[in-house]
Amino acid sequence: QVQLVESGGGLVQAGGSLRLSCAGSGRTFSRYGMGWFRQAPGKEREFVAAVNRSGGSTYYADSVKGRFTISRDNAVNTVYLQMNSLKPEDTAVYYCAAGERIRTVWRKYEYDYWGQGTQVTVSS
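Residues numbered from 1 in each chain as written. Predicted model: local features only at pLDDT ≥ 70, side-chain atom pairs only at ≥ 80, totals over all residues. Heavy atoms only, no water.

Chemist: Can you walk me through the overall build of the protein chain in this structure?
Modeler: In terms of regular secondary structure, the protein chain is built from zero helices and eleven strands. In the protein chain, the succession of helices and strands from N to C terminus is β-β-β-β-β-β-β-β-β-β-β. Taken against the 2.2 N^0.38 rule, which gives 14 Å for 124 residues, the C-alpha radius of gyration of the protein chain at 13 Å falls within 12% of a compact globule. In terms of principal-axis extent, the alpha carbons of the protein chain reach across some 40 × 25 × 25 Å. Within the protein chain, the fraction of its 124 residues that count as buried is 43%. The contacts of the protein chain with a sequence gap of at least 6 include a subset with a gap of at least 24, amounting to 57%. Taken as a whole, the protein chain presents about 6600 Å² of accessible surface, with 45% of it coming from carbon and sulfur. (Helix = DSSP H or I, 4+ residues; strand = E, 2+ residues; numbered from the N terminus. Rg over C-alpha atoms; globule rule 2.2 N^0.38 Å. Buried < 20%, exposed > 50% of the residue type's maximum accessible area, 1.4 Å probe, protein only. Contact = heavy atoms within 4.5 Å. Areas by Shrake-Rupley, 256 points an atom, 1.4 Å probe, with all protein chains shown as cover.)

Structural data, given as structure tokens:
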């Protein structure tokens with residue numbers, strides 16, 4: 001089992017940057033594929049990015065490709081989401097998630113554990 005705690009959200013102007021962090025508890029962090037999802041008011045939770053167990057493979061939603069970068073550091077049980085060139089439509093609560101047997105990274109039902117979320121607000 002792993003517990004996840006996100007941090008790094010906040011208010012930023014369009015074109016700005018933020019880096020989200022997700023700290024995981026436990027010794028088995030490296031066993032989990034990790035993902036970031038987001039949910040805007042009145043919308044479904046959607047996939048943003050994912051990284052495999054080793055950090056060697058990354059995946060992105062088309063809407064963030066080229067602007068966001070996911071990475072992980074298994075030595076400190078943390079996954080990151082660097083967000084650049086932010087747009088007002090990126091405004092959402094961002095969640096990190098962990099899954100032990102993820103086959104399709106964008107399917108939220110394949111993730112076993114979720115953090116509580118961190119708010120990102122991008123002003124125009």
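Chemist: How should the pattern of salt bridges be read in this particular structure?
Modeler: For side chains bearing opposite charge, pairing can occur when the charged atoms are close. Tallying each qualifying case throughout the model produces five salt bridges. Linking Arg-31 and Glu-100 is a salt bridge whose minimum nitrogen-to-oxygen distance equals 2.3 Å. With Arg-31 in the loop between strand E3 (18-24) and strand E4 (33-39) and Glu-100 in the loop between strand E9 (92-99) and strand E10 (113-114), this residue pair connects regions lying 69 residues apart in the sequence. Ionic pairing is found between Asp-62 and Lys-65, a salt bridge with its closest N-O pair at 3.2 Å. For the residue pair Asp-62 and Lys-65, the accessibility class agrees, reading exposed in each case. Overlapping salt bridges bring together Arg-38, Glu-46, Arg-67 and Asp-90 as one network. (Salt bridge = Lys/Arg side-chain N within 4 Å of Asp/Glu carboxyl O.)

Chemist: Is there a simple way to think about the sheet that holds E3 in this case?
Modeler: Hydrogen bonds along the backbone pair up the strands of a sheet, which may run parallel or antiparallel. The four strands are arranged E1-E3-E8-E7 in an open sheet whose pairing can be described as antiparallel. Each end of this open sheet is capped by a strand with a single partner; those strands are strand E1 (4-7) and strand E7 (68-73). The average undirected angle you get between the axes of adjacent strands in this sheet is 15 degrees. In the sheet, E7 pairs with strand E8 (residues 78-83) via six bridges, with the strands oriented antiparallel. Along E8, the bridge assignment pairs Asp-73 with Thr-78. (Pairing = 2+ DSSP bridges. Axes fitted to C-alpha atoms, helices over the stretch in contact; angles between N-to-C directions.)

Chemist: Is there a simple way to explain the packing of aromatic side chains in this structure?
Modeler: For any pair of aromatic rings, geometry is given as the distance between the ring centres together with the angle between the planes. Per the counting criterion, the structure on display carries five aromatic pairs. Ring geometry for Phe-37 against Phe-47: centres 5.7 Å apart, planes inclined by 75 degrees, an arrangement best described as edge-to-face. With Phe-37 in strand E4 and Phe-47 in strand E5 (residues 46-51), this residue pair connects regions lying ten residues apart in the sequence. Look at Phe-37 and you get buried, because its relative accessible area is 0%. (Phe/Tyr/Trp six-rings, centres within 6.5 Å; stacked < 30°, edge-to-face > 60°.)

What is shown is where atoms sit, not what they do.
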